[in-house]
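Structural overview for review
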Amino acid sequence: MSFYTSLTGLNSATAQLAVTSNNIANVGTSGFKRSRADFGDIFSTSPLQKSSSNIGQGVSLKQVSQEFSQGNISTSGNSLDLAITGDGFFPLKTPDGLQDTYTRNGSFTLNDQNNVVNSTGQRLMAASVDSSGKADLTNLNALTIPSKTSGEAVETTQIQLGLNLPADSEVITADFDRTNPSTYNKSTALTVYDSGGNGYLATVYYAKTQNATLDSPFSKWQTYFFVGDTEVKPALQQATDTLGSNYFVNKYGDVLPKSDPRVVPSSGTTEMYSLDQLTDTRPSSPAKAVSASLAAADYAAGTFVAVPSGTLKFSMKIDGAPASNTATPAAAQEITYNLTAADKDPQILARQLEIAINNVMGALPDTPAVAGTPAVAGPPAVAAVPGKPAISNARFGITVAFDPDTAKFSISSGTTGDNSSISISGPDANATKYLGLVDNSPNLTVAASSTEALRGKASEPAVLSGEVMTINTAKSIQVTSSNKDFFVSVDGIVKKIELPFPTTYTNIETFAKALQDEINTITDAETGRKVLGVTVGFDAKTKQLNFTTGTTGSNSSIQVTGSADWGLANTEMQFGATTDWKKLAQFTENGALQFVKNGVQTEDATGLSSKTEWWPVYLDRGELSFDLTGKPVSPLTGMPFETAFLQGGKGALTMSIDFTKSTQYSSAFAVLSQSQDGAPEGDLMGLNIGPDGLVNATYSNGSQVSLGKIVLANFSSPSGLRQVGDASYLASASSGSAKIGEAGSAGFGSIRAGATERANVDLTQELVDLITAQRNFQANAKAIETSSTMTSAIINIRA
């Protein structure tokens, strides 16, 4: 039996030698785990045998197990080399997709299908992720890293060009021809993309069309846009303010953004107006009644033939006054003028008659209001019905002029604009003879215009605001000898006035009314012209007196100086203003009037509304404008272009170009910034695998894509895994089923990219084990030799 016992020892030593040799052989295998041979003694007995006298029968190999201790980490230049630091295995799928295997060998590459595989073609499994990088552990698929993006090409819709166009560039008058550089000043080029990611060369040409002038202080450039050899026409573009709010224009040429509460945007079909054509600026004018020419028998050589004498009479209404508070119109105000010898000169007659008319019309009493009667604009008046202001009839600033070239008199309302009106009727014989007023002449009646813009807008009166009053305005107001004097100048009439003193006014408002009444009693000593219509108010917030003339326009003026008590010690002369307006001219093209219907330019006027008050105002197509400082004036948003149909039926592009960062300085032409929002399909530029296994790919088009998350598998008893070669394992009943988890979570190690895990074989220990196995083998062989010698001795005894 000793022979056979030693033979088991030889077998065990051979097994140990084989395991040790395998460990030494795989010392350079990535992810290899050292094997260990486990032995057990052989002992057998029967129930009737005395166990204390039994001898063991040798040794047997029980199992060869793996030690899953951590191997050293070795870095590499391959971003797909992966190492696990801690517990866990990479889950793999065999090429046929039928079997799950597990490994710690992280040497991976890409196959022809862009799958991440190991050297045997087994595919690395990964979990799908959402936008936040959270993995779906129930959905594992082979990790694929596309070499190009798919479906991520972005069509170009917006281009941004920030340029400096030289201010001293020559104005180009020749017709544009892209093949002739003398027909444009500069050009820029860039690549745009269609929805499939195909690139096209886009070129923008710039031709200067206007230098800034006194009448038009803007420099203008025309742009021409080509995609390949196809010219793309600029689309219709509404003018906007700096905030992007669309501009609208009313009949007086007032351009306001849509955000202004006064603007009521139009709809449907409208007339088309161009912002660049709003140049016909006109001063607002009054309603003017023009007489017939004086008879040659009465007027010659600049004077009347006979010295005028007697009186002349006629009736007139100015801006609807005198007004009626009933359905029956009020009678016109009669004007009576006493002729003098000085009136032989028609110019003197005109001046004197003007004074007479203003003295009468400026003193007309108010018409008491009744229920339902609208108020007419004018100075404040006392209400005859509670809650209803009286109708103001006083009219100011009426002018009379004589034109010696036509021998005609003209009488104009004191107000300007389309709300002004004048009507002259009932002239007597002298009015006809000396003024040329002919009864029922259409030229003597000018009605207000509520629809068409004819005379513009109302002009502004002169307004004077004093300084802050130094007295306490919350109590009664005292007029004393030190503050009673006021020096007043209204429309050229100058006089010193004083308020009665000592006087106590109950409040500041009654004081202002007393000062107003005193000012309106001033009469020019030389001409007899009266100051009328001046209003005096008090602003409780600013503690200032405010003076407003009854007359309007640039000929109106007012200055009131007085004590510092009233805040009037340092006042300056203030003037009114004659407003300007712009005559609208509908845009034409090839001689045809143009309209806009639902944002599209057309010659079709169908659906045109007659009630439009605010019209969209448009920019000239493709035009850039700069002010005198070189800053862009228009467009202030992206310039839209019509759809560009690509050659070869490859599709279409609809784009806009944003020039708002462009300038026009005296420096050289320069591209300050250039970008577009399109992108082609991207080529793989880089790969990043995080410690948690998240795989992010970076592509040349700038996109970054999370392709998945590499997960790890772990087992209840890793030593129970079944080896299948190539440092791979299969799950078994001993190991238990695989548990899938994210790297870095509880029970799972982390992943390190660009590195591999070396074998955990300790070569020194293996060499010691090799010597031990050799000695075991020698000892067992010696035991067999001894047994054999003993057997020979027994045989020799018999011999």
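Our structure is the block above this text.
The rules behind each value
- Residues numbered from 1 in each chain as written.
- Predicted model: local features only at pLDDT ≥ 70, side-chain atom pairs only at ≥ 80, totals over all residues.
- Heavy atoms only, no water.
- Pairing = 2+ DSSP bridges.
- Helix = DSSP H or I, 4+ residues; strand = E, 2+ residues; numbered from the N terminus.
- Axes fitted to C-alpha atoms, helices over the stretch in contact; angles between N-to-C directions.
- Phe/Tyr/Trp six-rings, centres within 6.5 Å; stacked < 30°, edge-to-face > 60°.
- Buried < 20%, exposed > 50% of the residue type's maximum accessible area, 1.4 Å probe, protein only.

A short note on the sheet that holds strand β18 (residues 269-271)
The sheet built from 3 strands is open, its strands ordered β18-β42-β43 with antiparallel pairing. Strands with a single pairing partner mark the edges of an open sheet, and in this sheet they are β18 and β43 (600-602). Taking each pair of neighbouring strands and ignoring which way they run, the sheet shows an average axis angle of 35°. Here strand β42 (residues 595-597) pairs with β43 via 3 bridges, running antiparallel. Across the sheet, the residue bridging to F595 is T602, located in β43.

Points about the sheet that holds strand β16 (residues 247-249)
Spatial strand order, β17-β16-β44-β19: 4 strands in an open sheet with mixed pairing. Looking at the sheet topology across the chains shown, the edges are occupied by β17 (255-257) and β19 (273-274). In the sheet, β19 pairs with strand β44 (residues 615-618) via 2 bridges, with the strands oriented parallel. Looking at β44, one finds that Y273 is bridged to V617.

Details of the packing of aromatic side chains
Scanning the model with the defined rule gives 24 aromatic pairs in all. Note on F89 and Y729: the rings are 6.1 Å apart at their centroids and 75° apart in plane angle, and the pair reads as edge-to-face. You can see F89 sitting in the loop between β4 (82-85) and β5 (90-93) and its partner Y729 sitting in strand β56 (residues 728-730), a full 640 residues away along the chain. There is no split in this pair, since F89 and Y729 are both buried. Residues F304 and Y434 carry aromatic rings whose centres are separated by 5.0 Å and whose planes lie at 85° to one another, so their mutual orientation is edge-to-face. Within this pair, whereas F304 is found in strand β23 (residues 303-304), its partner Y434 is found in helix α3 (residues 429-435), the two being separated by 130 residues in sequence. Residue classification places F304 among the buried positions, given a relative accessible area of 1%. We classify Y434 as buried; its relative accessible area is 4%.

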